[in-house]
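# Breakdown of the fold
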Amino acid sequence: MFQAALLRQSTLLRTVGPLRRQNMQPALDISPPVHRGMESNLDRSAFQKSIPVLAVRIATQQTALLLRSDALKSYIIDIPKIRSVVWDPSAENDRRLVLLKITEQAALSPEARTFLIDHSAEIVEHTINLDYNYWTADDILQAVLPEHLLDGSPTGFSVIGHIAHMNLNKEYLPYKKIIGQVILDKNPAIKTVVNKLDSIDNTFRFFKMELLAGEPNYIVEHHESNCRFIFDFSKVYWNSRLHTEHDRLVQLFKPEDVVADVFAGVGPFAIPAARKGCAVLANDLNPDSVHYLSKNIAINDVADLVQASCEDGREFIRSAAFKVTEKPFRPYAGPMLSRVKEKRRRREAQALEQNEEQPASTNSCSYAPTEPPRQAVTRFVMNLPDSALDFLDAFQGILATEDSIEGKLHYAKMPMIHCYCFTRELEPDKAEMDILLRAEARLGHRIEEDVCFHLVRSVAPNKDMYCISFRLPHAVAFGR
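Described below are features of the structure shown in this document. (Residues numbered from 1 in each chain as written. Predicted model: local features only at pLDDT ≥ 70, side-chain atom pairs only at ≥ 80, totals over all residues. Heavy atoms only, no water.)

Attention now goes to the overall build of the protein. Helices and strands together make up the secondary structure of the protein, namely 13 helices and 17 strands. Counting only residues that meet the buried cut, the protein has 48% of its 480 residues in that class. Of the roughly 24200 Å² of accessible surface on the protein, a fraction of 51% belongs to carbon and sulfur atoms. (Helix = DSSP H or I, 4+ residues; strand = E, 2+ residues; numbered from the N terminus. Buried < 20%, exposed > 50% of the residue type's maximum accessible area, 1.4 Å probe, protein only. Areas by Shrake-Rupley, 256 points an atom, 1.4 Å probe, with all protein chains shown as cover.)

Moving on to the pattern of salt bridges. When charged atoms on two side chains of opposite charge get close, those side chains can pair. Applying the stated criterion across every chain yields a total of 20 salt bridges. Between Lys 49 and Asp 29 there is a salt bridge whose closest N-O contact spans 3.2 Å. Here Lys 49, found in strand 1 (residues 49–59), pairs with Asp 29, found in the loop between helix 1 (9–16) and strand 1; they are 20 residues apart in sequence, far enough to count as distant. Taking relative accessible area as the criterion, Asp 29 reaches 47% and is therefore assigned partly exposed. One salt bridge connects Glu 449 with Arg 471, and the closest N-O pair in it is separated by 3.8 Å. Placement of Glu 449 in the loop between helix 12 (428–443) and strand 16 (452–460) and of Arg 471 in strand 17 (residues 463–471) is noted, with a sequence separation of 22 residues between them. Given the relative accessible area of 44%, Glu 449 is considered partly exposed. Counted as one network, the salt bridges with shared partners bring together Arg 57, Asp 88 and Glu 122. (Salt bridge = Lys/Arg side-chain N within 4 Å of Asp/Glu carboxyl O.)

Now for the packing of helix 4 (residues 137–144) against helix 5 (residues 176–186). Two measures define how a pair of helices packs: the angle their axes make with one another and the distance between the axes. At a minimum axis distance of 9 Å, the contact between helix 4 and helix 5 shows a crossing angle of 155 degrees. Our classification of the angle between helix 4 and helix 5 gives roughly antiparallel. Note that helix 4 runs across helix 5; the crossing there is right-handed. Note on element contacts: helix 5 touches helix 4 through Ile 178, Ile 179, Val 182, Ile 183 and Lys 186, opposite Ala 137, Ile 140, Leu 141 and Val 144. (Axes fitted to C-alpha atoms, helices over the stretch in contact; angles between N-to-C directions. Parallel < 35°, antiparallel > 145°, perpendicular 65-115°, else oblique. Left-handed = near helix turned anticlockwise from the far one by under 90°. Contact = heavy atoms within 4.5 Å.)

Before going further, it helps to examine helix 8 (residues 287–299). Along its 13 residues, helix 8 runs 19 Å from first to last C-alpha, staying within 8% of the 18 Å computed at 1.5 Å per residue. If you check which residues of helix 8 are buried, you get Ser 289, Val 290, Tyr 292, Leu 293, Asn 296 and Ile 297. The inward-facing, buried residues of helix 8 abut strand 9 (219–224), strand 10 (227–232), helix 7 (270–276), strand 12 (279–283) and strand 13 (306–309). Taking the backbone nitrogen of Asp 288 as reference, a side-chain oxygen 2.9 Å away marks Asn 286 as the first, capping residue of helix 8. Immediately beyond the C-terminal end of helix 8, within one or two residues, lies Asp 301, with a positive phi of roughly 60 degrees. (Expected span 1.5 Å × (residues − 1). Polar contact = N/O pair within 3.5 Å; in protein donor to acceptor, adjacent residues only side chain to side chain.)

Below, the discussion takes up unusual backbone geometry. A positive phi angle, near 55 degrees, is found at Ser 225, a position not held by glycine. Tracing the sequence through the fold places Ser 225 in the loop between strand 9 and strand 10. Positive phi is not limited to glycine here, since Asn 226 has a value of about 60 degrees. Residue classification places Asn 226 among the exposed residues on the basis of a relative accessible area of 81%.

Secondary-structure assignment places Glu 440 in helix 12. Excluding its chain neighbours within four sequence positions, the residues that come into contact with Glu 440 are His 445, Arg 446 and Ile 447.

Counted by the stated rule, this structure contains zero disulfides. Distance from the sulfur of Cys 419, which forms no disulfide, to the nearest cysteine sulfur (Cys 421) is 6.0 Å. For Cys 419, a relative accessible area of 0% gives the class buried. (Disulfide = S-S within 2.5 Å.)

Looking now at the packing of aromatic side chains. In the structure shown here, the tally under the stated rule is seven aromatic pairs. Here Phe 229 and Trp 238 contribute two aromatic rings whose centre-to-centre distance is 5.1 Å and whose plane-to-plane angle is 55 degrees, an arrangement assigned as tilted. Each member of the pair, Phe 229 together with Trp 238, is buried. Ring pairs connect the aromatic residues Phe 229, Phe 231 and Trp 238, which therefore count as one cluster. Above the plane of the ring of Tyr 134 lies Lys 81, whose end atom (NZ or CZ) is 4.8 Å from the centre. Against the face of Phe 391 rests Arg 314, its NZ or CZ located 4.7 Å from the ring centre. (Phe/Tyr/Trp six-rings, centres within 6.5 Å; stacked < 30°, edge-to-face > 60°. Lys NZ or Arg CZ within 6 Å of the ring centre and 35° of its normal.)

Take the sheet that holds strand 1 next. Reading across from one edge, 2-3-1-4 is the order of the four strands in this open sheet, with antiparallel pairing throughout. Each end of this open sheet is capped by a strand with a single partner; those strands are strand 2 (85–87) and strand 4 (122–130). If you compare each strand with its neighbour and ignore which way they point, the axes differ by 40 degrees on average. Direction of pairing for strand 1 relative to strand 4: antiparallel, over a ladder of nine bridges. By the bridge assignment, Pro 52 is partnered in strand 4 with Thr 127. (Pairing = 2+ DSSP bridges.)

Here it is as structure tokens:
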């Protein structure tokens, strides 16, 4: 076992006698103490652990030499978040302790012992003290949850602003409070932890939730696609896992497009599209969503490019084309400027006008009056995967009453439809056929032009989310 602390290494070797080299001892056990009796009350003080190790006491100026030594480098401790070099607690200011990942000196090789003798180093005992703050959320939950629940312990969550959004399986619900507290403790940026409930709002389709830990504050500020979003997470729908999909679809848009976002929510498609230069009709049935959509339009400086409405999706589809014809959007005027460049542009414009008052611009790009206004919807986005396909029948005859030649010229090319949906078919070919047949049945026409499918994500073991994109058939749009 250990020799008395502070003995010279040469004396220690003479006392022990020749040592034959042994295999390296098992790795140090740094797992937390097990307390499977906890359910709702988390006792942080119960997570304390002392780990005895050997350490090399050496002069401060020789520390680097020891750390680089081939004879000793394989013995130096390499435990996460544990420093390998610490101050000598004996109050000798010119000494350091280099911690080793062994507890018995017999584990040292002859080369290592010779190195220590040559450099007048000592082997001493040292104790590493760990507490609750050391271990990760998964470490703590592995020490608390019943053994049959250890596989797949629920440490995963979505982050929306300061909120951690969990989706606990029913077997973990008896431990939901302690799980929430651990997640809160181990993630400093998180202030609120919630769990999605099975119930869903039938009208506005957002998930209800319960507070597990932290502040009951659901107003979040979230950043995505270089845009800023503010909303009440308890009253609107938001899914951070769709960030990649939001980006993918917006990348398909052309800056001169006019996008009709049928189920816009708080603007995850509409706001980035407008920042790109697109004109957007953004609609949602949920008044809370439209309230925050309007806020997000303002704070992202796209008020002249996005028109918000609160209508039934079917009515919105039927009227979108005529809204744009009757009240066209200004033409695309080039990429938006940063706020700094926009302020500089405005100052320069004011100087050129020689004190003539100019109306304050609400956008961050220059106006190009030589281009024609935008009078036709070029894309429809339908992001309500649970029921969006059912709304496709609303496209029947959406341009049928537009009899003027000028109006028909606006739609010489039909708009693209981007419709999200679920399917139980897991094989790609079968999934695409299932979606296509369902879409054609609701649309009342074959879908043949510019058709493509994109697998968004798997939402359950037997349920995938897709986006079907296609060009609206001319016969559907102008049919009666």
